[in-house]
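# Coordinate inspection notes
Spelled out, the chains give:
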Amino acid sequence: MDLGSKAGKHIQLKESYDRNTKIYTYEMKIVKVVQGDAGGYRCEVSAKDKCDSCTFEITVEAAEQEEQADILSAFKRADAGEDEGELDFSALLKAKPEPELEIDVWELLKSAHPSEYEKIAFQYGITDLRGMLKRLKKMKVVEPKVSEAFLRRLESAYSVNKGKKIVLSVEVTDPNAEAKWLKNGQEIKPSAKYIMESNGNIRTLTINKCSLADDAAYECVVGTDKCFTEVFVKEPPVTITKLLDDYQVVVGERVEFEIEVSEEGAHVIWMFEDQELSRDDKNSKYRFKKDGKRHCLIIQEATIEDSGMYFVYTNGALTSCLIKQAMFKCEVSDEKVTGKWFKDGVEVKASDRIKISHVGRIHRLTIDDVKPGDAGDYTFVPDGYALSLSAKLNFLDPPKIHLDVAGNMVSQNTIIVVAGNKLRLDVEITGEPAPTVCWMKGDKVHAEGRVRVENRKDLSCFVIEGAEREDEGNYTITVTNPAGEDKANLFIKIVDVPDPPENVKCTGVGEDCATIIWEPPKFDGGAPLKGYLMERKKKGSSRWTKLNFDVYENTTYEAKRMIEGILYEMRVFAVNGIGISAPSLNSKPFMPIAPTSEPTKLIVDDVTDTTCSLKWLAPEKIGAGGLDGYIIEFCKEGETEWHPANTDLVDRQSYTVRNLPTGEKMNFRVVAVNVAGRSPPALLEQPVTVREIMEHPKIRLPRELRTKYIKRVGEKINLVIPFQGKPRPVATWLKDGQPVDEKKVGIRNSNVDSILFIRSAEREHSGKYTLILKIENMEDSANIDIRIVDKPGPPTQVHVTDVWGFNAALEWKPPKDDGNCEITGYTIQKADKKTQEWFTVYEHNRRTNCTVSDLVIGNEYMFRVYSEILCGLSEDPCMSKNTAIVAKTGLEHKQASYKEKDMNCAPKFTAPLVDRSVTIGYSMAISCAVRGWPKPKIIWMKNKMIIGDDPKFLMQNNQGVLTLNIRKPSTFDSGKYSCKAVNDLGEDVVECKLEIKGNLQVH
């Protein structure tokens, strides 16, 4: 039982704090100790998830005059002064006062195994086992020991509420080690209540639905190593769910007070005024009844002395009731005067509840257990006198508001309603006469409409249909009647989903990411914001993609996994405990895009006294943002300020920085630029000294010009000869040792090369060209052999030197004009003098003679020859001066004898018919192949019956391939089909089986 809720006149709790020593002191004072205060007590201290406690017992005995126990003296601190050290409750242990026995018990416990502690405590009458263990722990001097089995031990203590679950966890060194769990020294067996789990190095014990029996010491054993802890089970306070009612009874009537508590088996204390009603007194007129959660106090025969205030205590609540009485009294002049009492003109008769008395001159009318029906005008009329005394009894019950809104309450007098829901608040009203009820919000009175009040007997209903945000505020309920007034204040809080976030925008983009920021909603819905949910979509699309499933708490978010170069839009939802807001307005479209990577292979191409030429290659990674150009920057060595060399972006991959100070060391860098900004810079590894350096002239003659350079007449010649040298060398061209005629040959020189240009080559341009470079007294030269070629002339003196058999021998001489090039071969052609059609006999023939074979006997042949060089054949051939005649000789043709083969044979099927299975209504065909001569006659049969000219059957014969087509067969067409081939030499037959299947009907 939690004593915090029972604190009052009987039990007083005090807490103090010393700022100097930083020590808390807790005191408990019991005023007027009764027998019911005896029992075990525990002081429990908790901070965050840590917990510690100590226990003690209080024994209540008869009071002795010579010695009075001081309970506070037991709360001493061990080994310290008044405000230091740990609390020691050992003085409260019910141990025997014999010091020898106590010393023997502790010595016995020191040497005993922990599993025997409970047995020893029971044997020697030690009831506080936990206090004993703590004291024994202090008495033992334990050497610090490094655990070999545990990486993480149990905490010193754990705290858990009754009925809840607790998990004890340790971490062991060996993942394969087995752990045993013990409770008060007894091994725990796995069950539905105790669940033991092993996960890697973690060993856990889960205790489900903790009860007071689970309040014990626990230990985990791994091998020979152990670790200990204590579990404290907190019992929740017992509350009174049904309060006491006030009673008005007549003397002698039976009175039964009834309450209901929150838990069965709860301890309940009944009190009358300041006196506790005991259950142990057998002669007491009070009877106690307990039925589950229901507790009753019964007074069999009530007396006047029973009128008063009754109280009921649990460890978490108190309730009370009152018995009422009304009395009229008048005094007459003579004690012998008698009289009668009237109520509203009707004589009042004495009864068990109404008592009439006459003592001396005093006349009394006493009404016990006053009821509303007793209200009226009461008159005393003395006998024999025409006088009367009147008084009025008004049954007035002050109005009272009974609020019962525990289901809606989050704090005192605060009711939370979700927007759109209906609120119906029923408030019980008591009072006599019936009080008037008024509901107000500020100065506005609510009676009808969406926000209205419905009044019934003893009940006032406050209704809000479809709660709105404007309905939030402080409401006052006022009840009044002649006996008084009562007020109650309520605060109705309307909670709703929050407003959408505002000003969603993109503040930065990357290659596949973007940074989004927004502002919190203006209205949080009346409940704290839990966070936000984000969505994005491609521009033009209607499909939104969630970016997070767990609530995100910040207002800045980096969206990732986006596609570079695609336009996106974002929106944000706010989330509170009620739900999710409407989406925010879409952000402006943004495109994830990244700057390019740095330019590559930055080199110095040339340096003069005032300039520096740079070259580089494009960045390896450009991305969807493209490349707009380059910026070249420079700075002096040792400085950090970079100066741009160009105001406009440079498109090409080279640049000459001008107006540089001569002799200075300069650093250079190149930055690529696109819509996303500047790329990382490409830097030269070393600074460059701005000074021109003397360099020997050197001609770098291309490989194709190191041999003869051959061109055809009329072609264009454009020779680019690169060279190097500093300062700029002087280039001079010579042809065959003489200066080049610039009217025939074009010459153009630059800093790095020299160009020789001829628009249309002629044979006279052939020759040896020499390029000479000079820098002061240094010189370099290179020779180029240019040959301009043309088609050669035809060969000369072609004639036939000999003819034999089918062959003819030809000879000729080279052409007089070789086309300014070596003859590479000849092409020889022949023609029959009758047909005059020319046929090529040889190509690329390098000799000036050849032999033509495969001539036809009896024909006369002509011959012609073409010259051939690199640029082709000569335009005209040279004809042979004579012809070659292949003479006929005496030949006789002897025709070989020929025996005609007999092709006659009997019919033979080379491909048989194949069994078929087809679906009804689908046309099909069966085929076979036959050979035989004379051509056989073909007969198709069904079930050995000849198929006639039925149009359903189509018979075909294509060079021995026989086909029978059946159009839309039915089940009647099933059977055995055969084909017979017959001629004069014999016959042959093949057969097959045809099955027609019906369609599958589905009903």
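We now turn to the structure provided with this report. (Residues numbered from 1 in each chain as written. Predicted model: local features only at pLDDT ≥ 70, side-chain atom pairs only at ≥ 80, totals over all residues. Heavy atoms only, no water.)

### Here's the deal with the sheet that holds strand 20 (residues 286-291)
Spelled out, the test is: The pairing criterion for strands is at least two bridges between them, as found by DSSP. In DSSP terms, a helix is any run of H or I states spanning at least four residues, a strand is any run of E spanning at least two, and both are numbered starting from the N terminus. Helix axes are fitted only over the stretch in contact, all axes being lines through C-alpha atoms; the angle between N-to-C directions runs from 0 to 180 degrees.
Spatial strand order, 16-17-21-20: four strands in an open sheet with antiparallel pairing. The open sheet is flanked by strand 16 (240-242) and strand 20, the only strands paired with a single partner. The mean inter-strand angle of the sheet, taken between neighbouring strand axes irrespective of direction, is 30°. One ladder, built from two bridges, connects strand 16 with strand 17 (residues 255-261); its direction is antiparallel. Residue Ile240 lies in a different strand from strand 17, and its bridge partner there is Val261.

### A few points about a nonpolar patch on the surface
Put simply, the rule is: Every patch collects residues that have over 30% relative accessible area and no salt bridge, joining them within 9 Å if they carry like charges and within 5 Å if they are nonpolar side chains (Val, Leu, Ile, Met, Phe, Trp, Tyr). Note on areas: Shrake-Rupley, 1.4 Å probe, and residue coverage restricted to the protein chains presented here. By convention in these notes, a salt bridge is any Lys or Arg side-chain nitrogen within 4 Å of a carboxyl oxygen on Asp or Glu.
A surface patch of nonpolar side chains, amounting to about 380 Å² of accessible area, comprises Tyr17, Tyr24, Tyr26 and Val45. In this fold, Val45 is placed in strand 3 (residues 39-47).

### Brief notes about the pattern of salt bridges
Formally: Exposure classes here rest on a 1.4 Å probe applied to the protein chains alone. A residue is buried below 20% of its type maximum, exposed above 50%, and partly exposed in between.
A full pass over the atoms with the stated rule returns 33 salt bridges. Across the salt bridge formed by Glu779 and Lys774, the nearest N and O atoms sit 3.9 Å from each other. On the basis of relative accessibility, which here comes to 44%, the residue Lys774 falls in the partly exposed class. Its salt-bridge partner being Asp973, residue Lys952 comes within 2.6 Å of it at the nearest N-O pair.

### Let's talk about the packing of aromatic side chains
For the record, the criterion: Stacked, edge-to-face and tilted are the three classes for Phe, Tyr and Trp ring pairs, Trp counted by its six-membered ring, which pair at centre distances within 6.5 Å; planes under 30 degrees apart are stacked, over 60 edge-to-face, the rest tilted. Throughout this description, the term charge over a ring refers to an Arg CZ or Lys NZ atom that lies within 6 Å of the ring centre and within 35 degrees of the ring normal.
Within this structure, the stated rule accounts for 13 aromatic pairs. Ring centres of Trp439 and Phe462 lie 4.7 Å apart, and the angle between their planes is 20°; this geometry places the pair in the stacked category. One end of the pair, Trp439, is in strand 35 (residues 436-441); the other, Phe462, is in strand 38 (residues 459-464), and 23 residues separate them in sequence. For Trp439, a relative accessible area of 1% corresponds to the buried category. Through pairs of rings, three or more aromatic residues link up here, namely Phe257, Phe272 and Tyr310. Cation over ring: Lys537 sits above Trp544, and NZ or CZ is 5.4 Å from the ring centre. Geometry around Phe972 places Lys942 over its ring, the cationic atom sitting 4.2 Å from the centre.

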